[in-house]
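Remarks on the overall topology
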Amino acid sequence: MTGSSGSFIVVEGIDGCGKSTQAELLANGLGALLTREPGGSPLGIEIRRLLLATKHGEVSDRAEALLMAADRAQHVVDVIRPTLLEGRSVVGDRYIGSSVAYQGYGRRLDVDKVRDISEWATDGLVADLVLLVDVPVATAVRRRSAAPDRIEAAGEAMQHRVREGFLAEAAANAHQWVVIDGDHPVADVAQSVNESVRERLGL
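These figures come from a predicted structure and were not determined experimentally.

Turning our eyes to something else, we now look at the nonpolar core. Ranked by size, the top nonpolar core spans 46 residues in total, and within it F8, I14, Y95, Y102, L131 and F166 carry the most contacts. With 5 residues, the top contributor of residues to this core is strand β4 (residues 129-134).

Okay, here's the thing in structure tokens:
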């Protein structure tokens, strides 16, 4: 936990669920720093380019997991922890839950090992609250307008596994996670997000 520093809130979900929109709205409403993974630090920007581009050919599943962890390690050092220590809250668009869901459940790597790598990479920094914006895979696919990146292009079967992974993590960590029904208008989802933040963190 972040102790007496700012609050660390993470918004998670499958690609196309609307989490980035909700993270931005929440950060603006709280006056918090909005950041994202991968790509939340200067090094992370380069890692994101390598991870999501389709022109580099195949990236092994283990390499993908390790690159995500490397991005997260630098992100915590450069951005998240310093901001929290200044007393300002941080809203993160993805964090450890995404690695567990995508590389663990989605890529079928060992879930516990993926989680352990990220926990080591972050030096134990965990979110005060994780908001899972949940929508059916079909809804998420319909919402996406841009050409799919390398991970999105893995197909709907993987997205189903990723969604199942997120829901499993939320069920196992109900003290930290809240599932938000994202299959509603943006304003309604934002209201649910804000209510959850008030109830859990008093913000």
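Still to come is the rest of the account.
Take helix α8 (residues 186-201) next. Between its first and last C-alpha, α8 extends 22 Å over 16 residues, near the 22 Å set by a 1.5 Å rise per residue. Those residues of α8 lying buried are V189, A190, V193, S196 and V197. Projection of α8 onto a plane perpendicular to its axis shows the buried side chains occupying an angular sector of 125°, all on one side. Those residues of α8 that are exposed and aimed more than 90 degrees away from the buried face are A187 and E199. Lining the buried residues of α8 we find β1 (8-12), α1 (19-30), β4 and β5 (177-181). Positive phi shows up at G202, right after α8, with a value of about 70°.

Reading across the sheet, the 5 strands line up as β2-β3-β1-β4-β5 and stay open at both edges, with parallel pairing between neighbours. Edge strands, defined here as strands with exactly one partner in the open sheet, are β2 (33-36) and β5. Neighbouring strand axes in the sheet, compared pairwise and without regard to direction, differ in orientation by 20° on average. Bridge count between β1 and β4: 4 bridges; the pairing is parallel. From the neighbouring strand, I9 faces β4, where its bridge partner is L129. Packed on one face of the sheet, helix α3 (residues 61-85) meets β1, β2 and β3 (90-93) and runs near 160° to β2.

Rules used in this analysis
Throughout this description, residue numbers start from 1 for each chain and increase along the sequence as written. For a predicted model such as this one, the threshold for reporting local features is a pLDDT of at least 70, and the threshold for listing and counting side-chain atom pairs is 80 or more; totals across whole chains, interfaces and linings nevertheless cover every residue. Hydrogens and waters are ignored; side-chain quantities use all the structure's heavy atoms. By nonpolar core we mean a set of buried residues, namely Ala, Val, Leu, Ile, Met, Phe, Trp, Tyr and Cys, connected to one another through side-chain atoms within 4.5 Å. Summary of the burial criterion: residues with accessible area below 20% of their type's maximum are buried, those above 50% are exposed, and those between are partly exposed, where the area comes from a 1.4 Å probe applied to protein chains only. Strands here mean DSSP runs of E at least two residues long; helices mean DSSP runs of H or I at least four residues long; both are numbered from the N terminus. Expected span of a helix: the number of residues minus one, times 1.5 Å. Arc, as used here, means the arc of the directions from the helix axis to the C-beta atoms. Any two residues whose heavy atoms approach within 4.5 Å are treated as being in contact. A strand pair is defined by DSSP finding two or more bridges across the two strands. The angle between two axes is taken between their N-to-C directions and runs from 0 to 180 degrees, where each axis is a line fitted to C-alpha atoms and a helix contributes only its stretch in contact.

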